[in-house]
Amino acid sequence: MARTARHSGNGSRDVLARMRKVWGESPFYQAQLKGPAPDRLLFQPDDPYAPDKTLATALARGRIVVGEEQADCEGELEKLWDLAAPDGALFAYLQEFSWLRHLAALGDDGKAPARTLMRAWLDRYERWSSESWEPYFVAERLVQLCSHYPLLLAGTDAMWRSRVLACMARQTRHLARAAPRAATGFDRLMTSLGLGVAGYSLPGCEGPAERGLEMARRELRLQLRPDGGHVSRNPSRQLKLALRLQALLKVIEARGFQPPGFLRHQVQRASAMAAFFRTPDGKLAVFNGGYEDDAKAIIAVQTGSGADIAPSEFARHSGYHKLTAARALLIVDTADDNAVAYKSAGSLHFSSGRSRILVNCGSGAHRGYEWKRALEQRSAHSGLSFLDGGPQPAFGDITHRRGEETAGHLLEFERRLVTVNPEGASYLRRLFLSPGGADLRGEEMLAGLAPGEIDRAVWRFHLHPGARASLARDKKSVILLLPNKEGWRFKSNCPELSLEKSVYCGGGGGGAPAASEQIVIRADAYARREDTAINVKWALARLDAV
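Residues numbered from 1 in each chain as written. Predicted model: local features only at pLDDT ≥ 70, side-chain atom pairs only at ≥ 80, totals over all residues. Heavy atoms only, no water.

1. Quick notes on the side chain of Asn288
Which entries qualify depends on this criterion: Secondary structure follows DSSP: runs of H or I at least 4 residues long count as helices, runs of E at least 2 residues long count as strands, and numbering of each begins at the N terminus. We define a polar contact as two N or O atoms separated by no more than 3.5 Å, with the added condition that, inside protein, one atom must be a possible hydrogen donor and the other a possible acceptor, whereas residues neighbouring each other in sequence contribute only through side-chain atom pairs. Contact definition: two residues touch when any of their heavy atoms are within 4.5 Å.
Mapped onto the elements, Asn288 comes out in the loop between α13 (261–276) and α14 (295–303). Polar side-chain contacts of Asn288 include one of 3.1 Å to the side chain of Ser344. Look past the residues within four positions of Asn288 in its chain and what remains in contact with it is Ser232, Arg233, Asn234, Tyr320, Asp333, Tyr342 and Ser344.

Here you go:
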């Protein structure tokens with residue numbers, strides 16, 4: 001998963017960074033990193049993510065693309081490290097060493113480029129580097145090195161093995177001291193877990209591993225909700241967290257140690273929450289900066305938890321509802337979004353079989369600040385938003401309720417709106433899914449708004465790039481053709497629907513945006529309505545069920 005590029009903050013932070021650089025390069029700190037030199041690894045963690053041989057082939061030739069950044073060293077792989085700017089997505093990708101996964105898929109053909117890149121990295125960063133030895137990078141790098149060490153070390157001479165393993169041990173000891181300085185809460189949590197995995201995998205590093213385990217205990221208490229969901233509410237982060245927890249539990253058990261009591265419980269809860277977001281195509285629903293992610297990793301999290309994961313339909317503490325009926329799946333975000341970046345409250349995911357229909361636009365974090373900001377907005381989600389350039393209400397408290405019976409599944413999402421009206425305003429989204437999953441109906445009610453506010457209301461239904469859409473001549477319905485050959489019709493009481501361009505960045509952390517479309521309902525298209533209220537109705541029905 002791509003990470004947002006870091007930028008320096010105020011002057012005091014820059015001064016602190018320079019002081020840490022001087023301290024890290026000093027002989028006093030270097031002496032603290034000395035210790036027993038391991039001669040082997042005691043455990044090889046599984047890498048649950050699927051490799052990309054196409055990416056590996058390009059990398060072996062010196063070409064790589066990450067988000068909007070690319071580099072081509074024309075076969076001179078050792079120069080690749082010099083082409084990546086320290087604050088960019090490409091630098092982060094290279095320093096995390098996840099490229100080892102892809103080169104490993106080439107078998108013997110991947111050994112030479114992997115060892116060339118490793119040797120060039122050691123020549124530049126082996127002793128210490130303020131950018132390369134940033135805590136999160138070190139943790140991710142160590143986990144990848146442990147997972148793919150045969151690619152680098154199998155059949156090599158003792159001097160090379162000693163150099164690589166000694167550097168891994170030094171980085172582990174550094175991480176035991178630097179882990180609390182990771183930039184974000186999620187980085188600190190993943191860094192502590194990575195420290196535990198690497199420390200228990202390397203002989204003589206059990207002390208740092210125990211520090212990582214204690215730090216993980218503290219961070220989990222702060223960041224993991226009672227239903228097992230991470231506070232970011234990001235499905236891709238949830239998956240990565242659950243897999244890392246499983247890896248830590250496995251290495252502790254493989255070494256013959258007794259896992260702490262909290263760990264197994266957290267593994268099961270986090271794994272169950274990751275499985276909550278699994279859609280029928282085997283990937284993740286796209287919410288709050290996440291991606292569809294890796295189907296192989298999702299299977300791994302379901303099979304590696306050590307216990308049967310009970311299916312859940314409601315994540316009370318994380319704020320998600322899931323409605324399933326036959327081949328249909330509906331997931332709705334019902335949490336307050338006022339204090340977070342992604343304005344996704346009330347947005348939804350809907351799919352039929354392995355085909356996604358209604359989605360959110362995904363994350364633009366790997367494509368720079370402007371993309372990131374654009375895809376955080378309400379307009380990038382399948383739900384209500386208000387046009388810029390005029391008065392619009394603020395979003396307040398949320399309530400939600402659901403009912404399930406033989407007639408179908410009903411979910412209501414209600415939100416208070418803060419407006420100029422002293423009596424207050426409200427928004428209600430009511431969703432109904434038929435028992436056979438062939439009919440999804442929605443009712444959108446706004447009440448109490450000023451005329452200038454209600455005219456700016458827009459409901460957007462972003463379509464997955466795989467769905468082909470055609471607007472009817474009367475502009476009252478849209479016909480959809482899905483990759484699974486199903487046909488669906490979207491219709492509404494809106495006098496004039498519109499089909500507009502959209503973009504989808506949910507496919508993968510480093511991929512290019514995919515062109516897509518969105519069905520748009522505008523409040524100002526309703527000629528006859530109350531000045532302060534509107535009732536929008538729509539339905540999405542499978543054509544063989546109409």
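2. Focus: the packing of helix α4 (residues 89–96) against helix α7 (residues 135–147)
Our working definition: The axes used here are C-alpha line fits, helices contributing only the stretch in contact, and every angle between their N-to-C directions lies in the interval 0 to 180 degrees. Convention used here: angles under 35 degrees read as roughly parallel, angles over 145 as roughly antiparallel, angles from 65 to 115 as roughly perpendicular, and any remaining angle as oblique. Asp, Glu, Lys and Arg are counted as charged, while Ala, Val, Leu, Ile, Met, Phe, Trp, Tyr, Cys and Pro are counted as nonpolar; the rest, among them Gly, fall into the polar class.
The contact between α4 and α7 brings their axes to 7 Å, and the two run at 45°. By the angle class used here, α4 and α7 are oblique. Between α4 and α7, the residues in contact are Phe91, Ala92, Gln95 and Glu96 and Tyr136, Phe137, Glu140, Arg141 and Gln144, respectively. The class makeup of the residues in the contact of α4 with α7 is four nonpolar, two polar and three charged.

3. A short note on empty space enclosed by the protein
To locate leftover empty space, one rolls a probe as large as a water molecule over the atoms. Note the threshold: Method remark: on a 1 Å grid restricted to protein atoms, a set of points is classed as a cavity if a 1.4 Å probe fits but cannot get out and as a pocket if it is open with protein on both sides within 12 Å along at least five of seven lines; lining residues have an atom within 4 Å of a point. Grid points are joined across faces, edges and corners, and a volume is the space filled by probe spheres set on the points.
Taken as a whole and assessed by the stated rule, the structure comprises three cavities of 30 Å³ or more. In this model, the largest cavity occupies a volume close to 110 Å³. The wall of the largest cavity is formed by 14 residues, among which Ala345, Gly346, Arg378, Gly383 and Leu384 lie closest to the centre. Contributing elements (two or more residues each) for the lining of the largest cavity: β10 (408–418) and β11 (425–433). Looking at the lining of the largest cavity residue by residue, the class counts come to five nonpolar, five polar and four charged.

4. Section: the pattern of salt bridges
The criterion, for reference: Take a side-chain nitrogen of Lys or Arg and a carboxyl oxygen of Asp or Glu: if they are within 4 Å of each other, that pair is a salt bridge. Residue burial is assigned from relative accessible area. The probe radius is 1.4 Å, only protein chains are included, and a residue is buried under 20% of its type maximum, exposed over 50%, and partly exposed in between.
Here the structure, examined in full by the defined rule, presents 33 salt bridges. Between Arg255 and Glu206 there is a salt bridge, with its nearest N and O atoms 2.8 Å apart. Of this pair, Arg255 sits in the loop between α12 (235–254) and α13 while Glu206 is found in helix α11 (residues 206–223), placing the two residues 49 residues apart along the sequence. Note that Glu444 and Arg429 form a salt bridge whose closest N and O atoms lie 2.8 Å from each other. Placement of Glu444 in strand β12 (residues 439–447) and of Arg429 in strand β11 is noted, with a sequence separation of 15 residues between them. By relative accessible area, which is 0% here, Glu444 ends up buried. For Arg429, a relative accessible area of 1% translates into the label buried. Salt bridges here are not isolated pairs; linked through shared partners, they connect Arg401, Glu412, Glu414, Arg430 and Glu443.

5. Structural notes on the environment of Leu33
Here Leu33 shows up in the loop between α2 (27–32) and α3 (53–60). Among the residues examined, Leu33 registers a relative accessible area of 0% and is labelled buried. Leu33 sits 144 residues away from Arg177 along the chain, and the two C-alpha atoms are 9.7 Å apart. When residues no more than four places from it in sequence are discounted, the contact partners of Leu33 are Trp133, Arg170, Arg173, His174 and Arg177.

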